[in-house]
Amino acid sequence: MKIVVKGLGVSGSYLLYRLSRESNIEVSGYDISKRYAKPCGDAVTLRPWIRDLLEELEVVRASVTKYTVKVEGKTVFEVSLKKPYWYIVDKPLLVEKLRFLAANNGARIEYTSPHNVEKYSCNRSRDCIIVDARGPFSHVKTTKYVVAIRYLARADWDMSHALLDFYPRHGGLFWVFPGSVREGVVNFGGGFLNRPVNYTEAFVKKYVKDLLDNYDLLDKRASPIAVFSPIRPLEKKSGKIQKLRIGESAGFIISTAGEGNRPGLESAEALYNAIIDSESPKEIAQGYLRRVKTLVSEAKASRHALKLAIRLGSRFYEFSRSLPEEFWHTYLQSRITMRYLVKIVLKNPGLLRYIL
Ligand SMILES: Cc1cc2nc3c(=O)[nH]c(=O)nc-3n(C[C@H](O)[C@H](O)[C@H](O)COP(=O)(O)OP(=O)(O)OC[C@H]3O[C@@H](n4cnc5c(N)ncnc54)[C@H](O)[C@@H]3O)c2cc1C
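Residues numbered from 1 in each chain as written. Predicted model: local features only at pLDDT ≥ 70, side-chain atom pairs only at ≥ 80, totals over all residues. Heavy atoms only, no water.

A. Seen up close, the environment of Val69. With respect to the helices and strands, Val69 occurs in strand E5 (residues 66-71). Taking the C-alpha atoms as reference points, Val69 and Phe319, 250 residues apart in sequence, are found 13 Å from one another. Other than its neighbours up to four places away in sequence, Val69 contacts Lys74, Thr75, Val76, Phe77, Leu164, Phe166, Trp328 and Leu332. (Helix = DSSP H or I, 4+ residues; strand = E, 2+ residues; numbered from the N terminus. Contact = heavy atoms within 4.5 Å.)

In structure tokens:
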């Protein structure tokens with residue numbers, strides 16, 4: 001079996017790393033950039049195996065146990081936990097380590113221009129699969145983006161505290177997360193649907209001016225998040241499998257939070273398991289689709305919730321206040337599926353007046 005992975009961000013490099021340890025699989029990976037420099041809030045929602053992976057690779061920079069959720073500056077939920085829902089990681093280092101380990105295990109890795117990447121293919125080999133892991137860059141022609149700006153700064157901030165502040169009328173949110181405990185670095189930023197970068201920049205600057213007394217800016221970068229991308233883990237043409245997609249390329253982004261790291265890792269793990277359990281590309285595709293059912297449901301639920309938040313606009317604060325505490329815990333753990341949405345509405349019929 002031969003696997004060709006295009007895009008070596010968090011999901012592509014993790015898949016490459018997992019497959020590189022299988023002796024009967026020939027695996028190669030391509031990226032346009034040797035250094036992973038894409039900005040991120042660097043938060044990873046924890047699952048037991050993800051926690052183990054991040055700890056083992058020594059990329060954890062902070063552990064988030066305090067959460068504040070606001071809507072247009074007004075607090076709707078606050079919690080202090082004993083155990084974190086999220087870790088903050090050094091994501092470029094995570095990607096670098098996964099690529100390095102994969103190469104050490106024998107995976108072929110090449111860095112080339114976007115034009116050349118298109119040339120790498122299965123070359124008519126039957127037992128070969130192309131995996132698209134190009135993240136939001138897979139959706140350039142097909143979707144609306146949030147262009148998020150991320151700042152790294154030295155500032156006085158509780159390094160166990162994450163703040164999310166929703167501005168549904170602007171189709172987005174602000175965040176302030178710990179960056180690195182050891183270096184006293186804060187990661188903050190914002191992203192709003194269909195707003196230009198200079199609008200977001202001015203909005204974020206104004207927002208943090210009131211929040212952080214003083215900060216020493218270290219880095220500023222912007223990058224897209226494809227919050228309304230199609231959810232499409234499998235691409236077919238004339239009934240034939242063209243390619244499989246993982247991570248944000250597959251649409252595995254939780255639109256209400258801009259969360260793509262954990263879904264990226266989970267989808268790569270799902271594809272890895274489908275590959276090692278199956279004999280043919282068709283079986284692999286079936287096994288993969290079966291394993292990502294929950295992720296598909298989470299991504300769908302997040303698209304519905306984001307659309308609802310935008311539609312509610314100024315009424316979103318009132319709506320958020322009527323959500324039970326349990327909802328916010330589930331949201332912060334990123335476990336909101338379509339089934340969960342139905343359940344929460346059935347348990348709280350008062351919510352219907354906002355939805356219908
Ligand atoms: C500012 C910002 C803050 C965010 N904060 C968070 C957060 O705190 N927590 C969270 O979970 N998510 C966050 N996200 C989302 C998260 O960063 C992405 O969803 C996640 O990185 C997706 O992983 P991926 O592997 O699918 O794609 P990516 O990590 O985007 O990797 C894609 C890779 O493909 C490569 N590539 C691009 N074009 C080509 C091509 N033509 N050929 C080959 N390779 C190509 C790129 O160089 C890159 O290495 C944030 C996003 C942004 C922009």
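B. Representation of the site of the ligand in the model. In the vicinity of the ligand, 38 residues are found, and the nearest of them are Ser11, Tyr36, Lys38, Lys91 and Glu248. Note that an oxygen atom of the ligand is positioned 2.7 Å from one of the side-chain N or O atoms of Asp31. Lys38 has a polar side-chain atom sitting 2.7 Å from an oxygen atom of the ligand. Across the complex, the protein chains shield 95% of the 1,000 Å² of accessible surface that the ligand would expose by itself. Elements represented by at least two residues in the shell around the ligand include exactly helix H1 (10-19), strand E2 (26-31), helix H3 (91-104), helix H4 (114-117), strand E10 (146-155), strand E12 (172-180) and strand E14 (215-225). Among the elements that line the shell around the ligand, the one with the most residues is E14, at 3 residues. The residue makeup of the shell around the ligand, split by class, is 19 nonpolar, 10 polar and 9 charged. (Near = heavy atom within 4 Å. Polar contact = N/O pair within 3.5 Å; in protein donor to acceptor, adjacent residues only side chain to side chain. Areas by Shrake-Rupley, 256 points an atom, 1.4 Å probe, with all protein chains shown as cover. Nonpolar A, V, L, I, M, F, W, Y, C, P; charged D, E, K, R; others polar.)

C. Here's a closer look at the domain arrangement of the protein. The domain boundaries assigned to the protein delineate domain 1 (2-61 + 90-138 + 228-298) and domain 2 (303-355). Taken together, the 16 residues of domain 1 in the interface contact 13 residues of domain 2. Area buried by domain 1 at its contact with domain 2 is led by Phe228, Thr256 and Ser297, which between them contribute 43% of it. Our enumeration of links across domain 1 and domain 2 arrives at 0 salt bridges. Scanning the region where domain 1 abuts domain 2 turns up 10 residue pairs in polar contact (both at pLDDT 80 or more). Looking at which element gives the most residues to the side of domain 1 that touches domain 2, the answer is helix H8 (residues 293-312), with 3 residues. Along the lines of polarity and charge, the residues of the side of domain 1 that touches domain 2 split into 5 nonpolar, 7 polar and 4 charged. (Domains from an automatic or database assignment. Buried area = accessible area lost by both parts, 1.4 Å probe. Salt bridge = Lys/Arg side-chain N within 4 Å of Asp/Glu carboxyl O.)

D. Local environment of helix H7 (residues 281-291). Buried residues of H7: Pro281, Ile284, Ala285, Gly287 and Tyr288, and no others. Seen along its axis, H7 keeps its buried residues to an arc of 165 degrees; they face one direction. In this structure, H7 carries Lys282 and Arg290 as exposed residues pointing more than 90 degrees from its buried face. Check the buried side of H7 and you find it contacts strand E9 (128-132), strand E15 (234-237), strand E16 (240-245) and helix H6 (261-277). (Buried < 20%, exposed > 50% of the residue type's maximum accessible area, 1.4 Å probe, protein only. Arc of directions from axis to C-beta.)

E. Quick look at the pattern of salt bridges. According to the stated counting rule, one finds 20 salt bridges in the structure shown. The partner of Arg47 in a salt bridge is Glu266, with the nearest N and O atoms 3.6 Å apart. Residue Arg47 is found in the loop between strand E3 (43-45) and helix H2 (48-56), and its partner Glu266 is found in helix H6; the two are separated by 219 residues along the sequence. We note that Arg47, like Glu266, is buried.

F. Representation of the sheet that holds strand E4 (residues 60-64) in the model. Here we have 3 strands laid out as an open sheet, ordered E3-E7-E4, and antiparallel in their pairing. One side of each edge strand has no neighbouring strand; the edge strands of this open sheet are E3 and E4. For this sheet, the mean inter-axis angle between neighbouring strands, taken without regard to orientation, is 30 degrees. Pairing geometry for E4 and strand E7 (residues 86-89), over 4 bridges, is antiparallel. Paired with Val60 across the two strands is Val89, which belongs to E7. (Pairing = 2+ DSSP bridges. Axes fitted to C-alpha atoms, helices over the stretch in contact; angles between N-to-C directions.)

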